[in-house]
Amino acid sequence: MADQYFMAEAMRLAQLAFEDGEIPVGAVVVIGERIIGKGYNQTEKLHDVTAHAEMLAITAASDYLGAKYLQDCTLYVTLEPCVMCAGALYWSQMKRVVIGATDEKRGFSRLGTGILHPKTQLTTGILGEESRTLLLKFFKTLRT
């Protein structure tokens, strides 16, 4: 049940990205039952190719904890992270990553799950259809 709740929070952030004209991806970092980091894609707004939802959420969580390692934390993200974000997840030693929709074109799993830290647990498909639907809606609006 907690997975659904926290992924719904990430979906709320993805909706904010959508409304800002950004690719609709949202992420939250949780420790225990508390959200300690949030982010949504802001690459256009910030003119920064690294301003992905996951990167912003990881930075916020690290700031909150005053630590670079997030070994007791879970990241909830609406879309499978890219290789850059997976690298950041590796270095942060995130305990668990929960993904909504997979990304067959740019997701890290194209290279295998070994890109995540060996201790990181991976869960996929939580609110995956809802995330996929929002992404399709976004890209459809770009084409019209």
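Residues numbered from 1 in each chain as written. Predicted model: local features only at pLDDT ≥ 70, side-chain atom pairs only at ≥ 80, totals over all residues. Heavy atoms only, no water.

**Quick notes on the nonpolar core**
- If you look at the biggest cluster of nonpolar residues, it comprises 23 residues, and the most contacted ones within it are Val 29, Leu 75, Leu 89 and Met 94.
- For this core, the secondary-structure elements that each account for two or more residues are strand 1 (26–31), helix 3 (53–65), strand 3 (73–79), helix 4 (83–92) and strand 4 (96–101).
- When residues no more than four places from it in sequence are discounted, the contact partners of Val 29 are Arg 34, Ile 35, Ile 36, Gly 37, Ala 57, Ile 58, Ala 61, Cys 73, Thr 74, Leu 75 and Met 94.
- If you look at the next biggest cluster of nonpolar residues, it comprises 17 residues, including Leu 13, Ala 14, Val 30 and Leu 134. (Core = buried A, V, L, I, M, F, W, Y, C linked by side-chain atoms within 4.5 Å. Buried < 20%, exposed > 50% of the residue type's maximum accessible area, 1.4 Å probe, protein only. Helix = DSSP H or I, 4+ residues; strand = E, 2+ residues; numbered from the N terminus. Contact = heavy atoms within 4.5 Å.)

**Structural notes on a nonpolar patch on the surface**
- Together, Ile 23, Phe 139 and Leu 142 line one region of the surface with nonpolar side chains, adding up to about 260 Å² of accessible area.
- Take Phe 139: its relative accessible area is 31%, and that puts it in the partly exposed class. (Patch = residues over 30% accessible without salt bridge, like charges linked within 9 Å, V, L, I, M, F, W, Y side chains within 5 Å. Areas by Shrake-Rupley, 256 points an atom, 1.4 Å probe, with all protein chains shown as cover. Salt bridge = Lys/Arg side-chain N within 4 Å of Asp/Glu carboxyl O.)

**Overview of the UniProt feature "domain: CMP/dCMP-type deaminase" (unreviewed entry) in the protein**
- Within this structure's numbering, the places UniProt gives as "domain: CMP/dCMP-type deaminase" (unreviewed entry) are residues 1–111.
- Structurally, residues 1–111 is divided into 41% helix and 23% strand, and its ends, taken at the C-alpha atoms, are 30 Å apart. (UniProt positions renumbered as here; feature names shortened; annotations may be inferred.)

**As for helix 4**
- Of the positions making up helix 4, those classed as buried are Cys 85, Ala 86, Ala 88, Leu 89 and Ser 92. Considered in projection along helix 4, the buried side chains sweep an arc of 155 degrees and stay on one side of the axis.
- Its buried side turned inward, helix 4 meets helix 3, strand 3 and strand 4.
- The positive-phi residue at the C-terminal boundary of helix 4 is Gln 93, with phi of around 60 degrees. (Arc of directions from axis to C-beta.)

**Examining the packing of helix 3 against helix 4**
- Running from N to C, helix 3 and helix 4 point in directions that differ by 20 degrees, and their axes come no closer than 9 Å. Compared by their axis directions, helix 3 and helix 4 come out roughly parallel. Classified by chirality, the crossing of helix 4 by helix 3 is left-handed. On helix 4, the residues that touch Glu 54, Met 55 and Ile 58 of helix 3 are Met 84, Cys 85, Ala 88, Leu 89 and Ser 92.
- Per-class residue counts for the contact of helix 3 with helix 4 are 6 nonpolar, 1 polar and 1 charged. (Axes fitted to C-alpha atoms, helices over the stretch in contact; angles between N-to-C directions. Parallel < 35°, antiparallel > 145°, perpendicular 65-115°, else oblique. Left-handed = near helix turned anticlockwise from the far one by under 90°. Nonpolar A, V, L, I, M, F, W, Y, C, P; charged D, E, K, R; others polar.)

**A word on the UniProt feature "active site" (unreviewed entry) in the protein**
- Residues annotated by UniProt as "active site" (unreviewed entry) correspond here to Glu 54.
- By the secondary structure assignment, Glu 54 is in helix 3.
- Here Glu 54 falls in the buried class, since its relative accessible area comes to 4%.
- Glu 54 has contacts with Val 25, Ala 27, Leu 75, Val 77, Leu 79, Pro 81, Cys 82 and Cys 85, leaving out every residue within four places of it along the chain.

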